[in-house]
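These are the residues of each chain, in order.
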Amino acid sequence: MSRALQFINSMAFERRAIFFEQLRQHTQTKITENSFRRQISGGQVLSAIVCACFETLSDGVVTRPDMRPNDWELAWPELRKKYHQLLQQRTSKVVCHDA
């Protein structure tokens with residue numbers, strides 16, 4: 001499951017409604033929770049503005065690379081260094097168990 005879907009699934013119904021209302025206001029779109037779920041689940045590319053605002057509204061829990069893993073560097077080349085460091089931190093968290 002995508003990080004974005006995990007994030008919205010973790011919210012209470014009322015909080016999700018507020019979140020998507022804020023997303024609509026910030027993006028000036030008609031995006032709904034259902035349309036967002038369909039786009040994510042169907043592998044559709046979300047608009048740059050939706051990704052940027054979702055990242056802001058989620059306080060960075062869900063990033064632009066999370067939502068557009070195949071082309072985020074083309075959409076936001078100025079953020080390469082920032083996100084490469086973040087993604088590296090996420091993948092380097094390895095738990096070692098002594099034998």
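Note: the structure precedes this text.
Residues numbered from 1 in each chain as written. Predicted model: local features only at pLDDT ≥ 70, side-chain atom pairs only at ≥ 80, totals over all residues. Heavy atoms only, no water.

Participant: Whenever I open this one, the nonpolar core confuses me. Can you help?
Facilitator: One recurring pattern in soluble globular proteins: nonpolar side chains tend to sit buried together. Membership of the largest hydrophobic core comes to 23 residues, with the highest contact counts inside it found for Ile 8, Leu 23, Phe 36, Phe 54 and Met 67. Counting residues per element, the ones that place at least two in this core are helix 1 (3–9), helix 2 (13–27), helix 3 (33–41) and helix 4 (48–57). When residues in this core are grouped by element, the largest group, 5 residues, is from helix 4. In contact with Leu 23, other than residues within four places in its own chain, are Ile 31, Val 50, Cys 53, Phe 54 and Leu 57. (Core = buried A, V, L, I, M, F, W, Y, C linked by side-chain atoms within 4.5 Å. Buried < 20%, exposed > 50% of the residue type's maximum accessible area, 1.4 Å probe, protein only. Helix = DSSP H or I, 4+ residues; strand = E, 2+ residues; numbered from the N terminus. Contact = heavy atoms within 4.5 Å.)

Participant: Teacher, can you tell me more about the pattern of salt bridges here?
Facilitator: A side chain of one charge can pair with a side chain of the opposite charge if their charged atoms are brought near each other. Counted according to the given criterion, the structure contains 7 salt bridges. A salt bridge links Arg 24 to Glu 21, with the nearest nitrogen and oxygen atoms 3.0 Å apart. Residue Arg 24 and its partner Glu 21 are located together in helix 2, separated by 3 residues, close to a single helical turn. Notably, a salt bridge pairs Glu 55 with Arg 64, separated by 2.7 Å at the nearest N-O pair. Of the two residues examined, Glu 55 and Arg 64, each falls in the buried class. Through salt bridges with shared partners, a single network forms among Arg 16, Glu 33 and Arg 37. (Salt bridge = Lys/Arg side-chain N within 4 Å of Asp/Glu carboxyl O.)

Participant: Looking at this structure, how should I read the layout of surface pockets?
Facilitator: One water molecule sets the probe size; rolling that probe over the atoms shows where empty space is left. What the largest pocket holds in volume is close to 170 Å³. Lining the largest pocket are Ser 2, Gln 39, Ile 40, Gly 43, Gln 44, Val 45, Asp 66, Met 67, Arg 68, Pro 69, Asn 70 and Asp 71. Broken down by secondary-structure element, the contributors of at least two residues to the lining of the largest pocket are helix 3 and helix 5 (64–67). When the residues that make up the lining of the largest pocket are grouped by side-chain class, the tally is 4 nonpolar, 5 polar and 3 charged. (1 Å grid on protein atoms, 1.4 Å probe; cavity = no way out; pocket = protein on both sides within 12 Å on 5 of 7 lines; lining within 4 Å. Points joined across faces, edges and corners; volume = space filled by probe spheres on them. Nonpolar A, V, L, I, M, F, W, Y, C, P; charged D, E, K, R; others polar.)

Participant: Sorry, what's going on with unusual backbone geometry here?
Facilitator: Most of the time, phi is negative for any residue but glycine, and the peptide bond is trans. Although it is not a glycine, Gln 28 adopts a positive phi angle of roughly 55 degrees. Relative to the helices and strands, Gln 28 is located in the loop between helix 2 and helix 3. Phi at Asp 59 is positive, roughly 55 degrees, even though this residue is not glycine. With respect to the secondary-structure elements, Asp 59 resides in the loop between helix 4 and helix 5. Under the relative-accessibility criterion, Asp 59 is labelled exposed at 71%.

Participant: It is not clear to me how helix 2 should be interpreted in this structure. Could you clarify?
Facilitator: In an α-helix, one full turn covers 3.6 residues, which means residues spaced three or four apart are oriented alike. For helix 2, spanning 15 residues, the distance from its first C-alpha to its last is 21 Å, which sits close to the expected 21 Å at 1.5 Å a residue. Every buried residue belonging to helix 2 is among Arg 16, Phe 19, Phe 20, Leu 23 and Thr 27, and all of these are buried. End-on view of helix 2: buried residues confined to an arc of 90 degrees, all on one side of the axis. Along helix 2, exposed side chains directed more than 90 degrees from the buried face belong to Glu 14 and Gln 25. (Expected span 1.5 Å × (residues − 1). Arc of directions from axis to C-beta.)

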